[in-house]
Amino acid sequence: MVARRAASNRAPSIRILLLSGTVLLSACGADPDRQSSTRPSAFPPSLGAAQTVPMPLRQGPRSPTERLAEKVDPKNDIWDTESLAESTALQLEILRGLIESRESPVIEHASGLIADSFVSQTLRPVEELDTVFADDLWVVRRWTEPSTSAGPIGSAGPAESTASTPDHLGAPGLVDALRQLQDGLPGGSDIRAALKAYQIETSDSFFSTRVLVQASSRSAGNSSQWNASWLCRWTYPDDGKPPQLLAIALERYEEVSVRQRTIFTDATEYTLGRNAAYRQQVLPGIGHWLGRISRLSGVSLFGHHGLAIGDVNGDGLEDLYVADAGGLPNRLYVQNPDGTATEVSASARVDWLESTSSALLIDLDNDGDQDLVAVTRRMLLLAENDGSGRFTLHKPMRNVVASATSLAAADYDGDGDLDIYVCGYDGEAEHQGLPGPVPYHDANNGGANALLENRGGFEFVDVTTRTGLDANNTRYSFAAAWEDYDNDGDMDLYVANDFGRNNLYRNSGGHFDDVAAEAGVEDVASGMSVAWGDPDRNGWMDIYIGNMYSAAGNRVAYQRAFVDATGNAASDLQRMARGNTFFANEGTGSFRDLSEAAGVAMGRWAWSSRFADLNNDGWQDLVVANGYLSNDDTGDL
Amino acid sequence: MSRSPQALGTGRSPADYVAGWQATLRLLRQGKSWSGTERNCVFLNISGLNTGGLNTGGLNTGDLRFADVSAVSGLDFPDDGRGLAVVDWDGDGDLDLWLANRTAPRLRLMLNQGESKNSFVALRLRGTRSNRDAIGARAEVELAPDPHTMGSALGSRLVRTIYAGDAFLSQSSKWLHFGLGTAPVIKRVTVRWPGGKRETFAGVRPGGRYLLVEGTGAAVAVTAREPRPQRALASAPQASSVEPGEPGEPEAPAVPPAPDTTERVLLPVRVPLPRLLYKPLDAVGPRAVETGSGPLLINLWASWCVPCVAELREFSERAEELRATGLGILALSVDGLDRDQITKPADANRLLEELEFPFPAGYATPELLEKIELLQETLFERSLPFAVPASLLLDGAGELAATYRGRTDVDRLLLDLKSLGESRVRLQAASAPLPGRWIAPLPGPDLESLAKRFGVRFPEDAERYLRLALDRLAARNAEPMTPERVRRRSEQEAGLRLSLANAVLKQDRREEAIVQLRRAIDLEEDLGRAHATLAAVLRSSEPEAAIDHYRRAVEIDPADAEAQHGLGVTLRTAGRLDEALRHLAIAQSLRPDWPAPLIPMAWILIGHPEPNAQRAAEAVRFAERAVALSEDRHPVALDTLAAAYAAAGRPTDAIATAREALDSARARSDDVLAAGIQSRLLRYRSSSSAPTVPN
């Protein structure tokens, strides 16, 4: 109640919560206790072991950065519901422990978690599961409770829901319900579970959260997973006592099993392990280098470096080119017949040290070998392959875009050679990665993208303006992909932008018009990836866009107080945190947003998100590489 | 944190919003996570069930369904994923994945080991009239209807296009891969080449790989390589160590290289230093670090720090060797500068005596440490808390060439000293921790951003960096200039002079600021901030000139709230009250949370030559809002409110509010303000007449 009043009275602070998780930030700086053990009372008489670890020096009463940390602590911000969410996170953590424990859940453990009047629906309605997919390897079973899943969560609570399944009461009931859930993960010795509250609404005497719950287990011949959405009702925390569960209602439940321990196996070490570069450059993360390479060399916290597949020496085996940070050489790995790969970047003369975001292996001069295009922050590098996998760098094109991100090539004008589209992020190198987009949900003040037309002889000309691609093209673009979406024979272009509307440029005779709005594919969100495919097999190419999913953003942006405070921008801002987008091409020039209906929105903080038929059944599946910044400090922003 | 502005205005983001981004960035650089350790997602397309997995025409829109199979796929690593490329790397007929990560391991090859009985076909297209890679070409594989299922009579058509670059920073294989389900029969394969021309290819069978050359109409089988490497992979002992671990654990890669505890960084370009002051052992006052007479190592240490002492001892023992290179060492103790004051400067002194330390030494000052932290922020993406031992290696010209975090290895130091004399190109090459080739010289440090960083606390250093930047700009005058470059250069110079003016203003050098601002305006007449800053400087001495410059500033950028406010205040002083009120109101609407314009607005109404009830009521509203917005009910805002109450005929409220204002002013030791309030308070008590309006 206190929380609710506070939340509705003050002006909202949109940005930090929309983007961030909720865990509190501890004060920065060194831990004084860590020093005391190594600190001598007088200066040391002898030095013994070569101790070289630097000793942090704790200065002043409170550093500016500590004060800064307080400012972004969600508990100091105005969304007091974030404090509530945080207090339930600790309880959900206990619940996770109960789900993961193969020892039958113990009633004592459950009792601190729940109120006396606790009631839960059956969390695994085994009688009501439909088999929605089955082949020789996979089985998918699903339950849906259609009545409650869509509405605002404060309105209809578990007590009102019309459950057809029997209720479980009190601590024994919770233990029962969890035991049944464990039955959904047969065979495996270890269960791994995750629970995340992604919506919250307050009422006078209780508050409710929607919680995403996933659990999995693996054994030699089987691997299973279930995915659920629960509506949880909580008591308010009181006198240092955490919130207690009043009720759990099941909203969504799905069970997957596959007759194998795992589908994918990590073969990185087998493939690359014999190269010195494996230990030097593959095993350490970007974080390793941030204190070892100066920013002046072009290393960046964000780690936006990609890769390209192509056969550089014409032996029929695919090879791999990897872009890397400033001060770290890009690498070319050439595949051997046994599937291993040999690192040859120096002899191939492509071990460039400039910070490189993206590269393509394509035949730029139609002579039958794979040339190399790479883009650094401001230079486009064009290297000609001599046919054996050795490259000659042509004169770099400077200032093509500022802070370049992705590359995408196609023959836009149908003259038989490949042209190159270069995405630019913001105009200033100083804030590479985190800019000042204005306004946040519809920014058009970034760096310009460029279309470069192939004139032969590794000469390219900027035709962005001439082709009409200068419209709407300063939107902090992260990715672009060419495809003929209207099946008229020429290549159209979709561009994913970080802060707001994306572009769909329709090609008519070499001139482009941004038709994103009329085609219904603006997708106001944080676009970071775009890929085309035909997962519904109707011959019209559909779009999958990698966006940001933020549980905190969902929690905040859907609350009434937030909607009241932000007015018309609220729905746009809600979209910013929704997750990935799937647009089905209807073949009429417009697309339909099926992200949630098809169940492919929750891709977390997504980067590359793409189609691939992983089980060879002819139906394209989706893979999402995600995660923004995992650093050594565990207090997630 | 701050809300995003809703409109772009003239291109400048409002300062607090930008500050919000920068605050976030700083926390990230200190090692905070942000949506970290998220597990990759995989969604299985389950739309095909009712047709046996295949052999239907397209779905009706809306019938598409996926299941979340992230965990069982084995792909749900908590890596910070970035790139993702698809390729049948091991040639076993299914799609494998290469992932590029931000975190360790930076690369993963994930081999698809699904034991499905489903078949496939792979096609490589080659253009002859079209581009040779056939990027943008589309292949359609039409399958015969399967009598066992209820597929459409037309059978099914699978469509795949060849792309070069998609998803994020990724390019997948140009082989088109078609999963075909169980026991498929291929009826027809059609290629639609870029431009739309269609061509049918004969001879494609399930389970094979084919090359389809434009204009030939016949698919050529490509033999799979031998031996099939997936067998090697399955049995290879090497592979076992990176097999996914037990469920429930993040599958860690093999042990990464042991971190070298000393972080030594040779900079690729030299960085000019701020002025560094220290306290010599034997003198009271601060002294500037002397640079420019040969290379110098500034070493920071504490007597309580074990590696520091080891390092000092090594410096002592190898003093002759070090001196022979011409290197000077300045060892600055930080004893007594830490929060807990573990040791005192005297402890440092005792240690130096015991070691008979042969190099100059002294005590670091808090400002010196602060400046070194600012330098580190400029130099590194990861800002680490300051720690000892730490050293800075300066070249003969006094510019920073290398930094050491942790104990300096003297042998390493001797090598680094040699590289100080190297050419710019070789220096840049030596700075990379792994060998490779640079294509272009790196630009020097951004002096303007150094100036910005130092300007908050150290305007004299900001000034130094800005003057250096101006010198470098002038040096580039010799280069041939296109009109475009002349324009950009003049824009840059104007910006630098504006910043310089701000830096010298902070040092109370008003005349110098005026000179710089006038030169900035000469260079770029439409630099609004230069006009606004000049106006603020001139406000008291030349109000009319100030008004002119303010007017120009708001003409250039009407959304400059500070300029609107300044103009309003200056107009008010000049007695042009209506105009003043108008600009103050604009400032107020531009920054609704800013109390500053509300106060003069209220005073204008309070002292208006034609007072009336409506004006008085409005004054009360403005003043109340100012009080609400001001920090801790600021006495100036309270004083204004008291006067507004008095003007509105509410003497009791006026007296109470004035008292609060008085207390608050006294608490802040603001005697001048307190005296003013006191005299006004007397007047509220004695009569109901309007108070004297202060400026």
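Everything numeric in this text was worked out from a predicted model, so none of it was measured. (Residues numbered from 1 in each chain as written. Chains lettered and ligands numbered in written order. Predicted model: local features only at pLDDT ≥ 70, side-chain atom pairs only at ≥ 80, totals over all residues. Heavy atoms only, no water.)

**Topic: the state of the cysteines**
Residues and elements named next belong to chain B.
Then, number 1: A complete count under the given rule lists one disulfide over all chains for this structure.
Then, number 2: Here C305 is linked by a disulfide to C308, with a sulfur-sulfur distance of 2.2 Å. Disulfide C305 to C308: torsion about the S-S bond roughly 85 degrees, handedness right-handed.
Then, number 3: Residue C308 is classed as buried on the basis of its relative accessible area, which comes to 0%. (Disulfide = S-S within 2.5 Å. Buried < 20%, exposed > 50% of the residue type's maximum accessible area, 1.4 Å probe, protein only.)

**Looking at the sheet that holds strand β26 (residues 503-508) of chain A**
All names here are of chain A.
Then, number 1: Reading across the sheet, the four strands line up as β24-β25-β26-β27 and stay open at both edges, with antiparallel pairing between neighbours. Each end of this open sheet is capped by a strand with a single partner; those strands are β24 (477-483) and β27 (511-514). When the angles between neighbouring strand axes are averaged without regard to direction, this sheet yields 20 degrees.
Then, number 2: Bridging between β24 and strand β25 (residues 492-497) involves six bridges; their strand directions are antiparallel. Bridge assignment links W482 to a residue of β25, and that residue is L493. (Pairing = 2+ DSSP bridges. Helix = DSSP H or I, 4+ residues; strand = E, 2+ residues; numbered from the N terminus. Axes fitted to C-alpha atoms, helices over the stretch in contact; angles between N-to-C directions.)

**A short note on the packing of helix α8 (residues 366-379) of chain B against helix α11 (residues 447-455) of chain B**
Residues and elements named next belong to chain B.
Then, number 1: The contact between α8 and α11 brings their axes to 10 Å, and the two run at 145 degrees. For the pair α8 and α11, the crossing hand works out as right-handed. Contacts between α8 and α11 involve K371, L374, L375, E377 and T378 from the first element and L450, R453 and F454 from the second.
Then, number 2: Taken together, the residues of the contact of α8 with α11 sort by class into four nonpolar, one polar and three charged. (Left-handed = near helix turned anticlockwise from the far one by under 90°. Contact = heavy atoms within 4.5 Å. Nonpolar A, V, L, I, M, F, W, Y, C, P; charged D, E, K, R; others polar.)

**Brief notes about the pairing of strand β6 (residues 119-126) of chain B**
All names here are of chain B.
Then, number 1: In terms of burial, β6 is largely enclosed, as seven of its eight residues are buried.
Then, number 2: Summarising the sheet, β6 and strand β13 (residues 209-213) pair through five bridges and their orientation is parallel. Its bridge partner being in β13, L125 is matched across the sheet by L212.

**Some words on the pattern of salt bridges**
Residues and elements named next belong to chain B.
Then, number 1: Following the criterion strictly, the structure yields 71 salt bridges over all chains and no others.
Then, number 2: A salt bridge links D347 to R350; the shortest N-O distance between them is 3.2 Å. One end of the pair is D347 and the other is R350, both in helix α7 (residues 345-355) and three residues apart, which spans about a single turn.
Then, number 3: Taking relative accessible area as the criterion, D347 reaches 17% and is therefore assigned buried.
Then, number 4: Given the relative accessible area of 44%, R350 is considered partly exposed.
Then, number 5: Across the pair E525 and R552 runs a salt bridge, and its minimum N-O distance is 2.6 Å. (Salt bridge = Lys/Arg side-chain N within 4 Å of Asp/Glu carboxyl O.)

**Comments concerning unusual backbone geometry**
Then, number 1: In this model, B:A104 is joined to B:P105 through a cis peptide bond whose omega is -10 degrees.
Then, number 2: Structurally, B:P105 is set in the loop between β4 (96-101) and β5 (107-112).
Then, number 3: Look at the link from B:V388 to B:P389: it is a cis peptide, with omega at 0 degrees.
Then, number 4: Here B:P389 is to be found in the loop between β21 (387-388) and β22 (390-394).
Then, number 5: Even without being glycine, A:Y476 reaches a positive phi, approximately 55 degrees.
Then, number 6: Here A:Y476 is to be found in the loop between β23 (460-462) and β24.
Then, number 7: You will see that B:A134, though not glycine, has its phi angle at about 60 degrees, which is positive.
Then, number 8: Residue placement: B:A134 occurs in the loop between β6 and β7 (138-143).
Then, number 9: On the basis of relative accessibility, which here comes to 0%, the residue B:A134 falls in the buried class.

**Concerning the packing of aromatic side chains**
All names here are of chain B.
Then, number 1: A complete count under the given rule lists 24 aromatic pairs over all chains for this structure.
Then, number 2: Judged by centre distance (5.6 Å) and plane angle (50 degrees), the rings of F454 and Y465 are tilted. With F454 in helix α11 and Y465 in helix α12 (residues 459-475), the pair connects residues that are eleven residues apart, well separated along the chain. In this pair, the class of F454 matches that of Y465, namely buried.
Then, number 3: Seen from the ring of F359, R323 lies directly overhead, with NZ or CZ sitting 4.9 Å from the centre.
Then, number 4: The ring centre of W594 lies 4.4 Å from the NZ or CZ of R591, which sits over that ring. (Phe/Tyr/Trp six-rings, centres within 6.5 Å; stacked < 30°, edge-to-face > 60°. Lys NZ or Arg CZ within 6 Å of the ring centre and 35° of its normal.)

**Re the sheet that holds strand β14 (residues 219-221) of chain B**
All names here are of chain B.
Then, number 1: Spatially, the four strands line up as an open sheet ordered β10-β6-β13-β14, and their pairing is mixed. Only two strands of the sheet have a single neighbouring strand rather than two, namely β10 (176-181) and β14. Taken pair by pair, the neighbouring strands of this sheet meet at an average axis angle of 30 degrees, ignoring direction.
Then, number 2: As paired elements, β13 and β14 share three bridges and run antiparallel to each other. Each bridged residue has a counterpart across the sheet, and for Y210 the counterpart in β14 is A221.

**Focus: the confidence of the model for chain B**
All names here are of chain B.
Then, number 1: Confidence along chain B averages 86 in pLDDT terms, with 85% of residues attaining 70 or more.
Then, number 2: Here helix α4 (residues 237-240) is the element of chain B with the lowest mean pLDDT, 33, and strand β9 (residues 170-171) is the one with the highest, 98.
Then, number 3: A low-confidence stretch, residues 149-154 stays under pLDDT 50, and its non-local contacts, those more than four residues away or across chains, total 14 contacts.
Then, number 4: Scoring the predicted complex yields pTM 0.84 and, for the interface, ipTM 0.86. (pLDDT = per-residue confidence, 0-100.)

**A look at the environment of B:L505**
Residues and elements named next belong to chain B.
Then, number 1: Mapped onto the secondary structure, L505 falls in helix α13 (residues 483-506).
Then, number 2: When its relative accessible area of 26% is taken as the criterion, L505 is described as partly exposed.
Then, number 3: What L505 contacts, discounting residues up to four positions off in sequence, is R510, A513, T533 and V537.

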